[in-house]
Amino acid sequence: MQTSAPRTDLGHLPEEFEHPPHEVEAAVTPSRRGRTMRIVSTVVSVVFFAAAAWWISKQKMPTIPSGTHAYLSIAGALLLYALATLCRGERWHRLLEQTSIHPKRIDSYAITMVGYAGNNILPARAGEALRVFLISGRTLASKREALGTIIAERVLDAAVLAIAFAFGAYGTLVSGSPLALLGIVVVGIGAVAFFPTRFRPNPRHPRVKWVVDSVGRLLAPTRNLASREGFLLFALTFVIWAIEASTYFLVAHAVGLGVSFGGAVFIMVVANFVALIPAGPGYVGTFDAAVLFAARKLGRSHSAAISFLLLLRFVLFIPITLTGLLLLVGRYGGLAGYRAARIQAAEA
């Protein structure tokens, strides 16, 4: 597989990648919209975190799990989450290969971890933008194409989590009519197969044409999911979330939360759906409130729910954040490399 060499000389880029300096400056200067998003995400985090902290303050202090069985469960949870992260790197690599972007597999894996670390230390899921900038800096890649692959990832995740919610959260497809399952499958396939492939405008105005072309590039990876490779990626996404649900289950087992695997799926789905709300670094507040809410809905004790939240945060956030930061510094030049990647990505 051929890979594109990193662009280190901005003065010798192909003509289609060249833009006036003021466009590059605008691309790397924080916009008013970006500042507004950071403020909104911070306010959301503060509100949710305050609510969770108030609730926790009314409960008994949690106990730290101990004993061989707890330690083995925690170790198993860490290994499973590492495996899920590697699977996410492989999924992104396959999505990138379906575009004109052909990175090395090691970069797909490493930048995935850097991006997750970025989500944990930057507000409003800014780690996704970090992934786009870094992959664009390593290859002759368009930011729009790179961002399109991340949109396709979110579509796959949303589809699997929606089905998991239907099965694991309320069991409507088990205790109710099987036609509901058929309906979800038909709607899902139809949404991917017919939108937006059947709508191909061909405007003449240059600005409108640029907008249509940009949207087309963003949605192209999602459109490509209506294929054999897309089906395999959908199956891989199921595997990823099954592994992550097992991580939640093992953490719950370590603290004696006493939930079934279906209960772990319910907590995972609620936490990840609420985490879609723009919030501060590490989904502070939103993730915590969602986990506590879901655990309490399952009738778990207050103390066990708090212990579960604290240990779950350790397993899901600390190791990958440290690993991602080490990769950012050791492989991608740290903050200086990040800024250089942003400048290079603005050229694409």
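Right above here is the structure, for reference.
## What about the overall build of the protein?
Across its full length, the protein holds 14 helices and 0 strands. Going from N to C terminus, the protein has its helices and strands arranged as α-α-α-α-α-α-α-α-α-α-α-α-α-α. Evaluated residue by residue, the protein yields a buried proportion of 43% over its 348 residues. Contacts spanning at least 24 positions in sequence make up 75% of the contacts within the protein whose residues lie at least 6 apart. Of the roughly 17,900 Å² of accessible surface on the protein, 68% is carried by carbon and sulfur atoms.

## Focus: helix H4 (residues 105-121)
Over its 17 residues, H4 extends 25 Å from the first C-alpha to the last, a length consistent with the 24 Å expected when each residue adds 1.5 Å. Here H4 lies mainly inside the structure; 14 of its 17 residues are buried.

## Description of a nonpolar patch on the surface
A cluster of nonpolar side chains, Ile 121, Leu 122 and Leu 325, forms an exposed patch at the surface whose accessible area comes to about 200 Å². Mapped onto the fold, Ile 121 is located in helix H4. Look at Ile 121 and you get partly exposed, because its relative accessible area is 41%.

## A few points about the pattern of salt bridges
Enumeration over the complete set of coordinates arrives at 12 salt bridges. Notably, a salt bridge pairs Arg 88 with Glu 244, separated by 2.8 Å at the nearest N-O pair. Pair noted here: Arg 88 is in helix H3 (residues 68-97) and Glu 244 is in helix H10 (residues 228-255), with a separation of 156 residues, a long-range link. Here the two residues Arg 88 and Glu 244 agree in accessibility, since each one is buried. A salt bridge links Glu 229 to Arg 94, with the nearest nitrogen and oxygen atoms 3.5 Å apart.

## A few points about the packing of H10 against helix H13 (residues 302-330)
Viewed as axis vectors pointing N to C, H10 and H13 meet at an angle of 130°, and their least axial separation amounts to 9 Å. Classified by the interaxial angle, the pair formed by H10 and H13 is oblique. Relative to H13, the crossing made by H10 is right-handed. Residues Thr 247, Tyr 248, Val 251, Ala 252, Ala 254 and Val 255 of H10 form the contact with H13, whose own contacting residues are Ala 304, Ser 307, Phe 308, Leu 311, Leu 312, Val 315 and Leu 316. Class assignment for the residues of the contact of H10 with H13 results in 11 nonpolar, 2 polar and no charged.

Definitions and cut-offs
- Residues numbered from 1 in each chain as written.
- Predicted model: local features only at pLDDT ≥ 70, side-chain atom pairs only at ≥ 80, totals over all residues.
- Heavy atoms only, no water.
- Helix = DSSP H or I, 4+ residues; strand = E, 2+ residues; numbered from the N terminus.
- Buried < 20%, exposed > 50% of the residue type's maximum accessible area, 1.4 Å probe, protein only.
- Contact = heavy atoms within 4.5 Å.
- Areas by Shrake-Rupley, 256 points an atom, 1.4 Å probe, with all protein chains shown as cover.
- Expected span 1.5 Å × (residues − 1).
- Patch = residues over 30% accessible without salt bridge, like charges linked within 9 Å, V, L, I, M, F, W, Y side chains within 5 Å.
- Salt bridge = Lys/Arg side-chain N within 4 Å of Asp/Glu carboxyl O.
- Axes fitted to C-alpha atoms, helices over the stretch in contact; angles between N-to-C directions.
- Parallel < 35°, antiparallel > 145°, perpendicular 65-115°, else oblique.
- Left-handed = near helix turned anticlockwise from the far one by under 90°.
- Nonpolar A, V, L, I, M, F, W, Y, C, P; charged D, E, K, R; others polar.

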